[in-house]
Amino acid sequence: MPKTIFRKPRRRVERVFIHCSASDNPKHDNIATMRRWHLARGFSDIGYHFFIHKNGKISKGRNIEKIPAAQRGNNSGTIAICLHGLQKEKFTNLQFKAIKAICSDINNAYFKNVSFHGHKEVAAKACPVFDYKKVLNLDRFGSLGLDSTIVLGVENSSENEFQRINYGDQGDKVRELQKLLSIKADGDYGKKTLKAVKSFKRQHGLYNSGVITREVWELLKKPVLENVRTEDSSKLPELKTGSRGASVELLQELLFINVDGRFGENTARAVRNFKEKHGYYPSDLVQEHIWKLLFKVRRVPHYE
Ligand SMILES: [Zn+2]
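To start, this report covers the structure provided alongside it.

Conventions adopted
Residues numbered from 1 in each chain as written. Predicted model: local features only at pLDDT ≥ 70, side-chain atom pairs only at ≥ 80, totals over all residues. Helix = DSSP H or I, 4+ residues; strand = E, 2+ residues; numbered from the N terminus. Buried ≥ 20, exposed ≤ 12 C-beta atoms within 10 Å, placed from the backbone. Pairing = 2+ DSSP bridges. Axes fitted to C-alpha atoms, helices over the stretch in contact; angles between N-to-C directions.

**Some thoughts on the overall build of the protein chain**
So, point 1. Along the backbone of the protein chain there are nine helices and five strands.
So, point 2. Each helix and strand of the protein chain, ordered N terminal to C terminal, gives the series β-α-β-β-β-α-β-α-α-α-α-α-α-α.

**Regarding the pairing of strand E1 (residues 15-20)**
So, point 1. Taking burial as the measure, the six residues of E1 include six buried ones, the bulk of the element.
So, point 2. Of the two faces of E1, the one holding Arg15, Phe17 and His19 and the one holding Val16, Ile18 and Cys20 are both buried throughout.
So, point 3. Strand direction decides the pairing type here: E1 and strand E5 (residues 115-118), joined by four bridges, are parallel. Bridged to Ile18 within E5 is Gly118.

**Observations regarding the sheet that holds strand E4 (residues 78-83)**
So, point 1. Pairing is mixed across the open sheet formed by five strands, whose spatial order is E3-E2-E4-E1-E5. Two strands bound the open sheet, and with one partner strand each, they are strand E3 (58-60) and E5. With strand direction ignored, the average angle separating the axes of adjacent strands in the sheet is 25°.
So, point 2. Across six bridges, E1 lies against E4 in parallel orientation. The residue bridging Val16 from the neighbouring strand is Ile79, located in E4.

Spelled out as structure tokens, the structure:
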């Protein structure tokens with residue numbers, strides 16, 4: 001699959017929505033027309049992030065860092081892609097090739113921890129009119145069934161991807177390990193790293209020695225799947241330094257800091273500041289009442 005123009009935004013993304021433009025008119029096969037239509041509807045810009053022309057070209061629409069205005073009530077945490085077309089049989093194979101390519105790229109960028117949906121799944125609409133589930137080979141949860149290769153988040157050549165390291169080692173591989181453990185990345189496998197490694201291995205039922213084998217690397221790199229499609233603070237987990245996963249991404253989004261899903265020093269500092277500012281003891285612990293407060297004061301308003 002070719003690399004597309006997709007670049008992972010800093011905001012949290014959990015779902016991708018597919019749309020159609022409801023027009024087969026070649027004069028409408030461009031971003032400018034879409035933007036005009038959406039501005040006329042009172043949007044601040046075109047609602048979709050990507051627009052796929054009949055010739056298979058993918059154009060950028062709304063800034064990917066911005067929440068789309070595309071699925072009322074379901075815009076937060078999404079990416080919106082629109083294919084130009086109205087009648088089912090008039091969508092082109094080039095368009096299908098393009099949607100497959102960009103969805104594969106998105107899927108890879110999120111370690112498959114993202115699902116794909118048609119607009120009609122959340123609205124009483126026919127959009128998109130083509131059989132997107134078949135095109136993208138989706139299962140009933142919206143997981144992409146295309147043959148997309150997992151691209152690892154940490155830049156590394158594949159030959160030393162699972163390089164065995166141990167206490168006393170130094171260098172980039174140690175730094176990578178430290179980042180995955182959300183501890184200070186100084187590239188020095190000393191006592192602090194050993195402690196974090198042992199604790200991680202213990203949590204995963206492994207013998208708690210300091211050696212990092214392929215098995216441990218794979219566990220460290222595995223995305224943590226959680227259901228965070230909720231603003232019900234009682235359903236969100238307690239987080240602290242070392243936590244990982246989608247709920248950490250949500251937390252980071254609410255704190256307006258870089259979103260990487262890892263609760264490290266940066267996140268701890270932001271949590272402490274936030275808690276102090278609101279009269280709480282400035283620890284790094286995010287409990288239910290802190291989630292509740294975050295939703296109350298930090299939820300960014302947008303089109304829904
Ligand atoms: Zn739609």
